[in-house]
Amino acid sequence: MATTTTTSSPPFLCSFHSPKPLPPKSSLRLLPQLHKRRPLHHASSSTRCFSAVPKAKRTVSGTHLCFAARRKPTFSSGEESDDNLRRVLQITLWVAEGAYILWLFLLPYAPGEPVWAISSDTLNSLVGLSLNFFFILPFLNFVGIRLTDAPVLHPMSEGLFNFVIGWTFMFAPLLFTDHKKDRYKWSLDVLWGLQMFLTNTFLIPYMAIRLNDADDESVPRKLSQLGSVMTNGAAVVGVIGGSACLISLLWALFGRMDANFGGIADRWDYLMGYLGSERLAYAFIWDICLYIIFQPWLIGDNLQNVEENKVAVVRYLRYVPVIGLVAYLLCLEPKEA
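Keep in mind it's a predicted model, so treat the numbers as computed, not measured. (Residues numbered from 1 in each chain as written. Predicted model: local features only at pLDDT ≥ 70, side-chain atom pairs only at ≥ 80, totals over all residues. Heavy atoms only, no water.)

A.B. asks: Account for the overall build of the protein chain, naming residues and giving values.
C.D. replies: Tallying secondary structure elements over the protein chain gives 13 helices and 2 strands in all. Across the 337 residues that make up the protein chain, the buried fraction comes to 38%. Of the contacts made within the protein chain by residues no fewer than 6 positions apart, 69% connect residues no fewer than 24 positions apart. When the accessible area of the protein chain is evaluated, it comes to approximately 21200 Å², of which 63% is carbon and sulfur surface. (Helix = DSSP H or I, 4+ residues; strand = E, 2+ residues; numbered from the N terminus. Buried < 20%, exposed > 50% of the residue type's maximum accessible area, 1.4 Å probe, protein only. Contact = heavy atoms within 4.5 Å. Areas by Shrake-Rupley, 256 points an atom, 1.4 Å probe, with all protein chains shown as cover.)

So, in structure tokens, the structure goes:
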């Protein structure tokens, strides 16, 4: 009886088996068919196989090489979630801007008069508060310099007014050192001037616009003269603004003791009535609440401007109203000339 010798096929280099098994080695009748078999290509598979042996010499023992197409890398959803959060924040800010204008300026439902029905008494009070800006005129009168007499207003209203103005004053270097300021295409000088001397409503759009996508083709703008003065003298701005806020608090509680404005309890009662009857005072509370949100937000986005050994301190103090902004201004990294 004839003996048939078979050779074992070398192992395949690919990590999968052919979907159609090879015929048994003992079946000599199917050997011719093996030479005619071609590699299988599946439309749904990204793997291609070819034989390393020429077709004329291809046998069952031919070595099959397989190459798998490299899969496209998958990206994390972190960027998408950050983009969604940014959009939500922008929408929230624009809604807040609309609510600020409608509720505080136009609608008659908040305490006091809307801007279209403002009374002469409110205007006179606003002029008097402006004349006592940073308590400069009362101080000059106190030391005997009387260019004009300072209006005598309730120290609680004067303290609240100058507290908000002092805090706003310190926002100037923070805005001019914001690394996203170039996304705001208009003048930062005008923005801060309107914020400082009119209303805080102009800061809300800036916070929304700075969240826009960065323009790769935009060239960083050179600081204006006001911006250079504010950033180079940031420490001085911090001392002046912080001192103004501290003096405002002390003035509200202890100022004009000789003018029969009462003690601390009486002044507190006046403040509650003042907030519930004057639109200007009511708007100041809104400004304070917005500053409590915007201060840590802006400082946190610009910690790279702080001296390296003081970053940790500023990072924690930024949540403290006024004090965090003073710390940021005092710890700014000096700019090289």
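Having seen the model, we can carry on.
A.B. asks: Please give an account of the pattern of salt bridges that cites residues and values.
C.D. replies: Enumeration over the complete set of coordinates arrives at 8 salt bridges. A salt bridge links Asp178 to Arg210, with the shortest nitrogen-to-oxygen separation between them at 2.9 Å. In this pair, Asp178 sits in the loop between α5 (155-176) and α6 (188-197) while Arg210 sits in the loop between α7 (203-209) and α8 (225-232), placing the two residues 32 residues apart along the sequence. Here Asp178 and Arg210 have matching classes, each one buried. Between Asp301 and Arg210 there is a salt bridge, with the nearest N and O atoms lying 3.1 Å from each other. Taken as a pair, Asp301 in helix α11 (residues 279-301) and Arg210 in the loop between α7 and α8 lie far apart in primary sequence, 91 residues in all. Take Asp301: its relative accessible area is 23%, and that puts it in the partly exposed class. Salt bridges linked by common partners bring Asp83, Arg86, Arg87 and Asp213 together as one network. (Salt bridge = Lys/Arg side-chain N within 4 Å of Asp/Glu carboxyl O.)

A.B. asks: With reference to specific residues and values, describe unusual backbone geometry.
C.D. replies: If you check the backbone angles, Phe134 has positive phi at about 55° while not being a glycine. Here Phe134 is to be found in the loop between α3 (120-131) and α4 (136-142). Although it is not a glycine, Val322 adopts a positive phi angle of roughly 70°. By secondary structure assignment, the location of Val322 is in the loop between α12 (311-317) and α13 (323-330).

A.B. asks: Explain the packing of α5 against α13 to me, using residue names and the numbers behind them.
C.D. replies: The geometry of a pair of packed helices is captured by two quantities: the angle between their axes and the separation between those axes. Interaxial distance between α5 and α13 falls to 10 Å at its minimum, and their mutual angle equals 35°. In the packing of α5 onto α13, the handedness of the crossing is left-handed. Mapping the contact onto sequence places Trp167, Met170, Phe171, Pro173 and Leu174 in α5 and Leu325, Val326, Tyr328 and Leu329 in α13. Residues belonging to the contact of α5 with α13 are distributed by class as follows: 9 nonpolar, no polar and no charged. (Axes fitted to C-alpha atoms, helices over the stretch in contact; angles between N-to-C directions. Left-handed = near helix turned anticlockwise from the far one by under 90°. Nonpolar A, V, L, I, M, F, W, Y, C, P; charged D, E, K, R; others polar.)

A.B. asks: Provide a residue-level description of helix α9 (residues 234-254), including the pertinent values.
C.D. replies: Between its first and last C-alpha, α9 extends 30 Å over 21 residues, near the 30 Å set by a 1.5 Å rise per residue. Contacts made by the buried residues of α9 are with α5, α8, α10 (264-275) and α13. Within two residues after α9, Arg256 carries a phi angle of roughly 55°, on the positive side. (Expected span 1.5 Å × (residues − 1).)

A.B. asks: Could you give an account of α10, naming the residues involved and the relevant values?
C.D. replies: With 12 residues, α10 extends 16 Å from end C-alpha to end C-alpha; this agrees with the ideal 16 Å at 1.5 Å per step. Turning to α10, its buried residues number three or more, namely Arg267, Leu271, Tyr274 and Leu275. Seen from one end, α10 has its buried residues packed into an arc of 90°, which puts them on one side. Of the residues in α10, the exposed ones pointing more than 90 degrees away from the buried face are Ala265 and Asp269. On its buried side, α10 packs onto α3, α5, α9 and α11. (Arc of directions from axis to C-beta.)

A.B. asks: Which residues make up the environment of Glu113, and what values go with them?
C.D. replies: Among the structural elements, Glu113 can be located in the loop between α2 (78-106) and α3. For Glu113, a relative accessible area of 27% corresponds to the partly exposed category. The sequence separation of Glu113 and Ser277 amounts to 164 residues, and the corresponding C-alpha distance is 8.7 Å. A polar contact is formed between the side chain of Glu113 and the side chain of Ser119, at a distance of 3.1 Å. (Polar contact = N/O pair within 3.5 Å; in protein donor to acceptor, adjacent residues only side chain to side chain.)

Honestly, it's all geometry; don't read function into it.
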